[in-house]
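# Geometric and topological summary
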Amino acid sequence: MSLGDYLEDRLGTRRRLRAALAHPIAGGPSWARSVGFTLLFLLVVLTLTGIALTTSYAPTIESAWASVHYTTYVMSHGWLLRGLHRFAAETMLVLACAHVAMLASGGAHRKPREIGYVAAVLAIGAIAAACITGGVLPWDQRGYWARRVEISIAETNPLGSDLARWIQGGDDLGQLALGRMFAAHAIVLPLVIAALFRLRRRSEWTFAEKISGRHNSGFESYVPRQAARDLALAASTAILIGYATNKFHGAPLAAPADPSSDFPARPEWYLMWLFEVRHFASGRMEFWATLGVPAALFVFFAVLPWIDRRRHGASILGSIGALASLVAIVALTHAAAERDARDVKYQKALAESRARAKVAIDLAMKGVPPQGPLAMLRDDPELRAETLFADRCATCHVLGSFGDAKKATAPKLDGWSQKPWLLAMLHDPDGDDRFGRTAYRGEMPSMDVAPKGKEDFVAMPQEDALAVAQFLAAQADGAATDADDAGKKIVKDRCTSCHLFEGEGDDDGSGIAPELSGYGSVAWIRAQIDDPSSKATYRENALDPKRKRHMPKFGGDLSANDVDLLARFVYAKVRGSGLD
Amino acid sequence: MTTRRRVLEVVLVSGAAALCTAALAPPVVFVVASARRGPRGERWVRTIALDHLRDGEPARVKIVADERDAWKLEKNAELGSAWLVRAGDTVRAYSVVCPHLGCSIDVAANGKGFECPCHESSFDESGKRESGPSPRDMDALATRVEGGVVEIDFRRFKLGTAERSEI
C-alpha cells in the first residue's frame, strides 16, 4: 500500500484534494478570484516570515529596537526576512483594496454572495490594522511618532477618551501599549484575517455549488484555467516582492523611539491620503475628516449589497464608488508627497533624523546595553559630548559645525590656543572670532599696535610674539618646555602685568586676565567650564554680574564626568580631531 | 418527543454558549480593564541653571525624572522636554507637546515664536496660538528658581480640547 493510499484510507486526502480542484467556480475564471488567491498566498508568506521574525524579536521598550537592529544588521538574512514581511504586507493591503473594488464593480457583492463580499471588506480593515500595529513594533522614531499622533486622534473622539486608553493599555504610549500591539499584530489579527478569508471561501463555494447544481452542465471547474491564473498572479506578486525587497534592501529602521525628541511625525505612505484630508478640516471637524472619511468609505462598501438597486451585471454604484475612491486616494497621496517635498523645514528634520538613525545603527553594532538604545545613545561619550556642547556651549561659542557665528558672544573655538590663533590674539585681540563679540572686548591691548594717543608705545618684536605663541601653544599641548625658554621669560616679564602665571601676577589680584600656565590644556578647559572664577583660569571678578554675557559656572549644574567629557571634547575639536 | 428533544437541544446549545463565554470573559476583562493612573499632581523637576539661559531666547530642556512604566521603575528617565524662555530673573516654561495631536513643538522657522512640525500650528513667543489646528495655546508649566537652577512642575494634559485638563 502506497503512502497516498494509506492517507486516503484514513484521512480521505486524495478525495478531498480532487474535490477541491474540481470544484465548480461561479461565472467562469476571473482575475478578481486570482487576486483572492494571491491574498491567501500572501497570508501564508506573512505567517511564515512572521513566525521566523518572532524568534529574534523582544517586545519590550528596552529591547524592541535593539532586537530588530540585531535581526536586520547582524543575523544572516534578517534583512531579507524583514523586507519580505514588509513588502508582502503592503502588497496585501493594496491587493485587498483592489479585490473589493473588483468585486463591487463586477457585481459579485449581490445576494447570495453578500456575506463573502462583506468578509472581504472587513479583511481590509483587519489588514490595515495589522500593518499599523506592525509599524510600531521596531519601536523606532517613525513608528512611535506616527502611532502617537494616531492614538491622539482616537483620543479626540467625541465619545470621550477611553478609546485611547484602551488601545494603549494606560495613559501613555509605553510598555503596555507595545505589548498590546504585539499581541494584536502577531496573534489576534492574523487569526481574524484567516477567519475572514475562510468565511469568504465558504460563501463563494456554497454559491458555486448552488448555481452549478441548478445548471448542471457547462460549468467550469477550478482546474485548469482558474488554477493557472491563480498561480500566475501569485508568482508575479512573489517576484515583485522579492524584487522590491532586494532593491530597497529590506525594511527601514529609524533611530530608537525617543519621547523627549522632536520628530516630524508622518503616517506610513498608505495613510498619507488621510494626513492630507486633515488639511481641509479644522477644529471638531478634524476627527471626522481623519476617522470619519475612511469610516464612511468602509461603511459604503460594506452596505453596498443592500443599497445597490441593480440586480444583474456590473454594478454602476460599486464602479463609481471604487473609481472615485481610487482617484481621490491617489490624488491626495500625491498632494501630500508634494507638500512634504516642498517643505524645507520638514526635509531638514528628515535629514537630521536619518543621520541620527545612522549613528544609532552604527553604534548598536557593538551591542546595546540592557537599559536600551536610548541609554546607549545617552552614554556614548562622543554623542553625549556633542549634545552637551550643542545645548550648553554652542549658544555662545562657535566650534566646527556647532553654534551660530552671527549670534556668538564668546570666542570662536576652532584653533583656539593654537599658534596662529595666539599670534592673531597678540596682534588684534578684538577680532570678531576672539574678544570682539564678548564681554572682554577692549580689555586686552594689542602687543604691536599703539593705542590711540600713546606716542611712547613700544611694539613687541615679531620674534618675541612668535616665542610667546610657541610657548603658550606648547602649554596647551602639554609639551615640556625648557626652564630658560624665551617665550616663557617674556610671558613672566611682560604678560603678568595683567595675567596670572602659575598663580602669580603683578597686580593686587583684582585683574581680569586669565592664568597662562597650561592655557588651552584639558585641565585648563576643565577648570574653566567647572568654575571660571576659581583662579585656575579667570578670577572672582569673571562672574561679576555687571559683566554681561560672561561665561557662567557649569560645575554643580553638570556632573564632574560631564565637565571632564566636555573639556576633552573641546580640546579634541579645537584641533579638528575626534574624542580620544 | 419532539418537544423534549428540542428542549434538550436548547439546553445543550446554551450550555456550550455559556462555556464559551466563561472561557472568553477573563481575557476580555483583563484586556479591557486598562491601567488608569489619573492626574499625577505636582512634580518639580530640576532643569538648567538660570545663568545659562539667554534673555528672550527659547531653550529646549529635557525633563529628567524617575518614571514608572508598567512594571519598570526607571531612575532619571527622559520623560519629555519643555521650552524655557527667560525674562530677567523669571522664566516661563511651556510643554513641547502640541495640544493638537501631541507632536513636539519647535521654534518657528523665522525665529519668532513656535510652530509644530506635523500640522503647522503656530504660536507666538508667549505660547499664544496664532494659526493652525491647535485647539488652545501651548501648555504653560509652573516654574521656580531654586539655588540658581530652574525647576519645572512637569505635567501632561489631555490633547485636542480647548479647555486644558491634566492627565
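Residues numbered from 1 in each chain as written. Chains lettered and ligands numbered in written order. Predicted model: local features only at pLDDT ≥ 70, side-chain atom pairs only at ≥ 80, totals over all residues.

## Digging into the overall build of chain A
Secondary structure summary: chain A contains 21 helices and zero strands in total. The C-alpha radius of gyration computed for chain A amounts to 36 Å, which surpasses the reference 25 Å derived for 580 residues by more than 25%, pointing to a less compact arrangement than a globule. Summarising its shape, the C-alpha atoms of chain A cover approximately 125 × 60 × 40 Å along the three principal directions. Within chain A, contacts between residues at least 6 apart in sequence are counted, and of these 65% link residues at least 24 apart. (Helix = DSSP H or I, 4+ residues; strand = E, 2+ residues; numbered from the N terminus. Rg over C-alpha atoms; globule rule 2.2 N^0.38 Å. Contact = placed C-beta atoms within 7 Å.)

## Some words on the sheet that holds strand β2 (residues 59-69) of chain B
Residue and element names in this part refer to chain B. With antiparallel pairing, four strands are arranged side by side in an open sheet as β2-β3-β4-β9. Two strands in the sheet have a free side with no partner beyond their single neighbour: β2 and β9 (140-141). Pairing between strand β3 (residues 72-87) and strand β4 (residues 90-95): six bridges, direction antiparallel. Residue pairing across strands places A87 opposite T90, the latter belonging to β4. (Pairing = 2+ DSSP bridges.)

## Structural notes on the packing of helix α6 (residues 114-136) of chain A against helix α12 (residues 285-307) of chain A
All names here are of chain A. Across the interface, α6 lies against α12 with an axial gap of 8 Å and an inter-helix angle of 170°. It follows that α6 is roughly antiparallel to α12 by the angle criterion. Residue-level contacts link E114, Y117, V118, V121 and G125 of α6 to F298, F301, A302 and P305 of α12. Across the contact of α6 with α12, the residue classes break down as seven nonpolar, one polar and one charged. (Axes fitted to C-alpha atoms, helices over the stretch in contact; angles between N-to-C directions. Parallel < 35°, antiparallel > 145°, perpendicular 65-115°, else oblique. Nonpolar A, V, L, I, M, F, W, Y, C, P; charged D, E, K, R; others polar.)

## Comments concerning the nonpolar core
Judged by nonpolar contacts, the single largest core of 106 residues is most densely connected at A:A88, A:V100, A:A123, A:I127, A:W139, B:A82 and B:L84. Looking at this core, the element that brings in the most residues is α6(A), giving 14 residues. Leaving out residues up to four positions away in the same chain, A:V100 has contacts with A:A120, A:V121, A:I124 and A:F301. Counting residues in hydrophobic clusters, the runner-up holds 43 residues, among them A:L399, A:L472, A:A527 and A:F569. (Core = buried A, V, L, I, M, F, W, Y, C linked by C-beta atoms within 7 Å. Buried ≥ 20, exposed ≤ 12 C-beta atoms within 10 Å, placed from the backbone.)

## Quick word on the domain arrangement of chain B
Under the domain assignment, chain B is made up of domain 1 (1-34) and domain 2 (44-153). Each of domain 1 of chain B and domain 2 of chain B has a C-alpha centre, and these two points are 54 Å apart. (Domains from an automatic or database assignment.)

## Re unusual backbone geometry
Residue and element names in this part refer to chain A. The omega torsion across K111 and P112 is 0°, close enough to zero to call that bond cis. Relative to the helices and strands, P112 resides in the loop between α5 (78-106) and α6. Note the cis peptide between V223 and P224, where omega equals 5°. Within the secondary structure layout, P224 lies in the loop between α9 (175-215) and α10 (225-247).

## Examining the sheet that holds strand β10 (residues 143-146) of chain B
Residues and elements named next belong to chain B. Spatial strand order, β1-β11-β10: three strands in an open sheet with antiparallel pairing. Since the sheet does not close on itself, it has two edges, and those belong to β1 (44-49) and β10, each with one partner. Going from strand to strand, the sheet's axes swing by 30° on average, the running direction of each strand aside. Direction of pairing for β10 relative to strand β11 (residues 149-153): antiparallel, over a ladder of four bridges.

## Some points on the interface of chain A and chain B
Tallying the contact residues gives 34 residues for chain A and 36 residues for chain B. The set of elements that each furnish at least two residues to the side of chain A that touches chain B consists of α7 (141-155), α8 (162-168), α9 and α14 (344-364) of chain A. When residues of the side of chain A that touches chain B are assigned to their parent elements, the largest contribution, five residues, is made by α7(A).

## Here's the deal with α12(A)
Residue and element names in this part refer to chain A. The first and last C-alpha atoms of α12 sit only 27 Å apart over 23 residues, clearly below the 33 Å expected at 1.5 Å per residue. The principal kink in α12, of about 40°, is found at G292, preceding the proline P294 by one to four residues. Of the positions making up α12, those classed as buried are E286, T290, F301, L304 and P305. (Expected span 1.5 Å × (residues − 1). Bend = angle between axes of the 7 residues up to and from the residue.)

## Notes on the pairing of β2(B)
All names here are of chain B. Relative to β3, β2 runs antiparallel, the two sharing 10 bridges. What sits directly across from E67, in β3, is E74. Between β2 and β3, which pair antiparallel and follow one another directly, the connecting turn spans two residues, one of which, A70, has a positive phi of 50°.

## Focus: the domain arrangement of chain A
Annotation of chain A at the domain level lists domain 1 (39-209 + 229-356) and domain 2 (384-450 + 458-574). Centre-to-centre, using C-alpha coordinates, domain 1 of chain A lies 58 Å away from domain 2 of chain A.

## Regarding the confidence of the model for chain A
Averaged over every residue, the pLDDT of chain A is 90; the share at 70 or more is 98%. Put simply, α8(A) is where chain A has its lowest mean pLDDT, 82, and helix α4 (residues 64-74) of chain A is where it has its highest, 97. (pLDDT = per-residue confidence, 0-100.)

## So, the environment of A:M75
Residues and elements named next belong to chain A. Mapping M75 onto the fold places it in the loop between α4 and α5. Owing to 14 C-beta atoms within 10 Å, M75 belongs among the partly exposed residues under this scheme. Taking the C-alpha atoms as reference, M75 lies 9.1 Å from S56; in sequence the two are 19 residues apart. Discounting residues that sit within four places of it in the chain, M75 has contacts with S56 and Y70.

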